[in-house]
Amino acid sequence: AGDARRDRPLAGRRAIVTSGPTHEPIDPVRYIANRSSGRQGHAIAAALAELGADVTLVSGPVTLADPAGVTVHHVETAREMLDAVLAALPADIAVMVAAVADWRVDTAAGEKIKKKAGEGAPLLSLTENPDILKTIGHHAQRPAMVVGFAAETQSVLDNGRAKLASKGADLIVANDVSAGTGIMGGPRNQVAILSAAGVEHWPELDKSAVADRLARLIAQRLSPAPG
Ligand code: CTP
Ligand code: CA
């Protein structure tokens, strides 16, 4: 029994993970999106399942296969992602990894927008999308462990710490995605873990290793080992 608890410390726990980008339609053929492969989020969903958690993965459009042993909901937009996350509550763990588009076009065109000679380019009027992490971090059914990401191109730790507070998260996984780091879309990641306790720098690792280590950390913070 001791071994089962050690190998599957998240048995009986429910987790919600978001991953990938969202696509916000401009018209039927065009959209606004962030860069995101979904690799890190999908790896985290798989790692939590590996530790025994009952995992719901809410994924934006990605080319990755659904991870084994995970319930996957496929969505396109931020609003659909929020709805799917709320529908998956209650949960013990929320890990919001998706690169959610911050803005959507107020009213997407029903037909393809055509170029018109001499009229110039269309102006898009944008509206802010709901903040899924912040909604979950302040929800009446807030999971016991709420984890967010902060992909930054500058002042990584300061920006990450600001997000820890504003989003109501227990942990923020901060990483530097500026050009030249090769993190975005690549197989490796280098992160710092921010919490009320301070900052912990992890070495550069495969995204699957970051996922395993994060899943272990979440399990440990939910049920600290006795002694
Ligand atoms: N996030 C979210 N919903 C949004 C925007 C962000 O759930 N509409 C989550 C991301 O999944 C991530 C965290 O919030 O876990 C931080 O995302 P990020 O884009 O770095 O932060 P923002 O608050 O959007 O701020 P900014 O883009 O201006 O840095
Ligand atoms: Ca953002």
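All values derive from a computational prediction rather than experimental measurement.

Student: Residues and numbers for the overall build of the protein, please.
Tutor: Summing up its helical and strand segments, the protein has six helices and 14 strands in all. The C-alpha radius of gyration of the protein comes to 19 Å, within 12% of the 17 Å expected for a compact globule of 227 residues. Oriented by its inertia axes, the alpha-carbon framework of the protein measures out at about 75 × 35 × 30 Å. Across the 227 residues that make up the protein, the buried fraction comes to 44%. In the protein, 64% of the contacts between residues at least 6 apart in sequence involve partners at least 24 apart. Carbon and sulfur atoms make up 50% of the accessible area of the protein, which totals about 11,800 Å². Positive and negative side-chain charges in the protein, numbering 24 and 25 respectively, have mean positions lying 1 Å apart.

Student: Just give me the short version of the nonpolar core, but keep the residues and values in it.
Tutor: Judged by nonpolar contacts, the single largest core of 35 residues is most densely connected at Val-17, Ile-44, Leu-48, Val-55, Val-95, Leu-214 and Ile-218. Elements that contribute at least two residues to this core include exactly strand E1 (14-19), helix H2 (39-50), strand E4 (54-59), strand E6 (93-96), strand E9 (145-152), strand E10 (171-176), strand E12 (191-195) and helix H6 (207-222). Broken down by element, this core gets its largest block of residues, eight residues, from H6. Those residues in contact with Leu-48 that lie beyond four places of it in its chain are Leu-10, Ala-15, Val-17, Ala-53, Val-55, Val-95, Ala-215 and Ile-218. Counting 26 residues, the second-largest nonpolar core is a separate cluster that includes Leu-82, Ala-88, Val-156 and Ala-169.

Student: Lay out the coordination of the calcium ion (ligand 2) in plain terms, naming residues and giving numbers.
Tutor: For the calcium ion (ligand 2), the protein coordination sphere consists of Asp-102 (OD) and Asp-102 (OD), at 2.4 to 2.5 Å. Mapping Asp-102 onto the fold places it in the loop between E6 and strand E7 (103-105).

Student: Which residues make up the site of ligand 1, and what are the values?
Tutor: Taken together, 15 residues surround ligand 1, and among them Met-96, Ala-98, Pro-130, Lys-163 and Lys-167 come closest. Within the side chain of Asp-102, a nitrogen or oxygen atom sits 2.9 Å from an oxygen atom of ligand 1. Separating an oxygen atom of ligand 1 from a side-chain N or O atom of Lys-163 is a distance of 2.7 Å. Across the complex, the protein chains shield 75% of the 560 Å² of accessible surface that ligand 1 would expose by itself.

Student: So what's going on with the sheet that holds strand E13 (residues 198-201)? Residues and values would help.
Tutor: Taken together, eight strands build an open sheet; the order of strands is E5-E4-E1-E6-E9-E10-E12-E13 and the sheet is mixed. A single partner strand is all that each edge strand has here, and the edge strands are strand E5 (71-74) and E13. Taking each pair of neighbouring strands and ignoring which way they run, the sheet shows an average axis angle of 15°. Relative to E9, H6 is tilted by about 145°, and along the sheet it contacts E6, E9, E10, E12 and E13.

Student: Which residues make up helix H5 (residues 156-167), and what values do they have?
Tutor: Look at H5: 16 Å from first C-alpha to last across twelve residues, which is about the 16 Å you get at 1.5 Å a residue. When H5 is considered as a whole, its buried residues turn out to be Val-156, Gly-160, Leu-164 and Lys-167. In a view along the axis of H5, the buried residues occupy a sector of 95°, so they form one face of it. Residues of H5 that are exposed and point over 90 degrees away from its buried face: Asp-158 and Ala-165. On its buried face, H5 sits against helix H4 (132-137), E9, E10 and E12. Of the residues one or two after H5, Gly-168 is the one with positive phi, at around 70°.

Student: Please provide a residue-by-residue account of the UniProt feature "binding site: CTP" (unreviewed entry) in the protein, values included.
Tutor: With numbering aligned to this structure, UniProt lists the feature "binding site: CTP" (unreviewed entry) at Asp-102, Lys-112, Pro-130, Asp-131, Ile-132, Leu-133, Phe-149, Lys-163 and Lys-167. Considering the C-alpha atoms alone, the annotated residues occupy 66 residues of sequence and remain spread out, their largest mutual distance being 37.4 Å. In this structure, Lys-167 sits in helix H5. With relative accessibility at 15%, the residue Lys-167 sits in the buried group. Excluding residues within four positions of it along the chain, Lys-167 makes contact with Asp-131, Leu-133, Lys-134, Gly-137 and His-138.

Quick notes on the rules
- Residues numbered from 1 in each chain as written.
- Chains lettered and ligands numbered in written order.
- Predicted model: local features only at pLDDT ≥ 70, side-chain atom pairs only at ≥ 80, totals over all residues.
- Heavy atoms only, no water.
- Helix = DSSP H or I, 4+ residues; strand = E, 2+ residues; numbered from the N terminus.
- Rg over C-alpha atoms; globule rule 2.2 N^0.38 Å.
- Buried < 20%, exposed > 50% of the residue type's maximum accessible area, 1.4 Å probe, protein only.
- Contact = heavy atoms within 4.5 Å.
- Areas by Shrake-Rupley, 256 points an atom, 1.4 Å probe, with all protein chains shown as cover.
- Lys, Arg positive; Asp, Glu negative; His and termini not counted.
- Charge placed at Lys NZ, Arg CZ, Asp CG, Glu CD.
- Core = buried A, V, L, I, M, F, W, Y, C linked by side-chain atoms within 4.5 Å.
- Donors = N, O, S within 2.8 Å, 3.2 Å for Na, K, Ca; no water.
- Near = heavy atom within 4 Å.
- Polar contact = N/O pair within 3.5 Å; in protein donor to acceptor, adjacent residues only side chain to side chain.
- Pairing = 2+ DSSP bridges.
- Axes fitted to C-alpha atoms, helices over the stretch in contact; angles between N-to-C directions.
- Expected span 1.5 Å × (residues − 1).
- Arc of directions from axis to C-beta.
- UniProt positions renumbered as here; feature names shortened; annotations may be inferred.

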